[in-house]
Amino acid sequence: MKLVVANESHFKYAQDICDTIEESAKVRGTGIAKRTPDYIQKKLHNGNAVIALDGDIFAGFCYIEVWGHGKYVANSGLIVHPSFRGQGLAKKIKQLVFKLSKEKFPDAKIFGITTGLAVMKINYELGYKPVTFSELTDDPEFWKGCQTCKNFDILTRTERKLCLCTGMLHDPKAKPEAKKETLNRKAFKRLRSIKEFIFKEN
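On a predicted model such as this, the values are computed, not experimentally measured, just so you know.

With that settled, the discussion passes to the pattern of salt bridges. Inspection of every chain in the model, using the stated rule, returns 5 salt bridges. A salt bridge links arginine 157 to aspartate 153; the shortest N-O distance between them is 3.2 Å. Pair noted here: arginine 157 and aspartate 153 are both in helix α6 (residues 152–157), with a separation of 4 residues, about one helical turn. What makes arginine 157 partly exposed here is its relative accessible area of 44%.

Counted by the stated rule, this structure contains 8 aromatic pairs. The interplanar angle of 70° and the centroid separation of 5.9 Å between the aromatic rings of tyrosine 39 and tyrosine 63 together place this pair among those described as edge-to-face. One end of the pair, tyrosine 39, is in helix α2 (residues 37–45); the other, tyrosine 63, is in strand β3 (residues 57–67), and 24 residues separate them in sequence. When its relative accessible area of 2% is taken as the criterion, tyrosine 63 is described as buried.

At a closest axis distance of 10 Å, the pairing of helix α3 (residues 89–104) and helix α4 (residues 117–126) adopts a crossing angle of 45°. In terms of orientation, α3 and α4 fall into the oblique class. As for the relative orientation of α3 and α4, their crossing is right-handed in sense. Taken together, the residues of α4 that come into contact with α3 (itself represented by Ala90, Lys91, Lys94, Gln95 and Phe98) are Ile122, Asn123, Glu125 and Leu126.

Okay, unusual backbone geometry next. The residue glutamate 159 is not glycine, and still its phi comes out positive at about 55°. With respect to the helices, strands and loops of the structure, glutamate 159 is situated in the loop between α6 and β7 (166–170). The phi torsion at arginine 160 lies on the positive side, around 65°, for a residue other than glycine. Mapped onto the elements, arginine 160 comes out in the loop between α6 and β7.

Okay, the pairing of strand β5 (residues 109–114) next. A regular strand carries its side chains on alternate faces of the sheet. Alignment of strand β4 (residues 72–80) against β5, held across 3 bridges, turns out to be parallel. Residue pairing for β5: alanine 74 is matched across the bridge by phenylalanine 111. Taken together, β4, α3 and β5 constitute a β-α-β crossover, and its handedness is right-handed. When β5 meets β7, the two strands line up antiparallel, connected through 5 bridges. Bridged to isoleucine 113 within β7 is glycine 167.

Before going further, it helps to spend a moment on the environment of arginine 35. Relative to the helices and strands, arginine 35 is located in the loop between α1 (14–28) and α2. Separated by 113 residues in sequence, arginine 35 and threonine 148 have C-alpha atoms that sit 8.7 Å apart. The residues touching arginine 35, leaving out its near neighbours within four places in the chain, are Cys18, Ile40, Tyr63, Glu65 and Gly145.

Another aspect to go through is α2. The set of residues buried in α2 consists of Ile40, Lys43 and Leu44. Down the axis, α2 shows its buried residues gathered within 100° of arc, on one side only. Set apart from the buried face of α2 by more than 90 degrees, the exposed residues are Asp38 and Lys42. Trailing α2 by a residue or two, glycine 47 shows a phi angle of about 70°, which is positive.

Rules and cut-offs
Residues numbered from 1 in each chain as written. Predicted model: local features only at pLDDT ≥ 70, side-chain atom pairs only at ≥ 80, totals over all residues. Heavy atoms only, no water. Salt bridge = Lys/Arg side-chain N within 4 Å of Asp/Glu carboxyl O. Helix = DSSP H or I, 4+ residues; strand = E, 2+ residues; numbered from the N terminus. Buried < 20%, exposed > 50% of the residue type's maximum accessible area, 1.4 Å probe, protein only. Phe/Tyr/Trp six-rings, centres within 6.5 Å; stacked < 30°, edge-to-face > 60°. Axes fitted to C-alpha atoms, helices over the stretch in contact; angles between N-to-C directions. Parallel < 35°, antiparallel > 145°, perpendicular 65-115°, else oblique. Left-handed = near helix turned anticlockwise from the far one by under 90°. Contact = heavy atoms within 4.5 Å. Pairing = 2+ DSSP bridges. Right-handed = clockwise from strand over helix to strand, strands pointing away. Arc of directions from axis to C-beta.

Structural data, given as structure tokens:
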């Protein structure tokens, strides 16, 4: 398995990446914003993405988005093809794109929003902390990207304060904790269940 910073030579995988993201959203029933091949190719062209390949076969992907004039960056679109899941590949991709983000944007706060417990765990191990949406970028273009997510109506109804996603942030200027606690997966799972119940009832 080869993990590399993507470039124009990987344009041919753009449609596979988009299809894998869309199919994953359907299977898991979670909110994942759709992306077009053109959008993915822009990330490849700018060197703002990481791709995993098994020979010439697409295995996984994640890209960087820049917001607020470089004050914030997001690692988005993390996906592993079904044929390569269960091998720890998502964590390796996430680690590499996180490293790339810090190298290209050393002063930026790195954030993400997700409903997936596995992604939350990876983020937490990298130094992300759960935060309110008000601590994330206020760049309207970022939130426009949520329009293709099935939970967008929740985000709209709460005036962009709450959703089923959990916001997580890594601040390079924050002091590291002396002792890192283990992510409480049960607590996050219960929180998501409570959110789903509240939003479905209203």
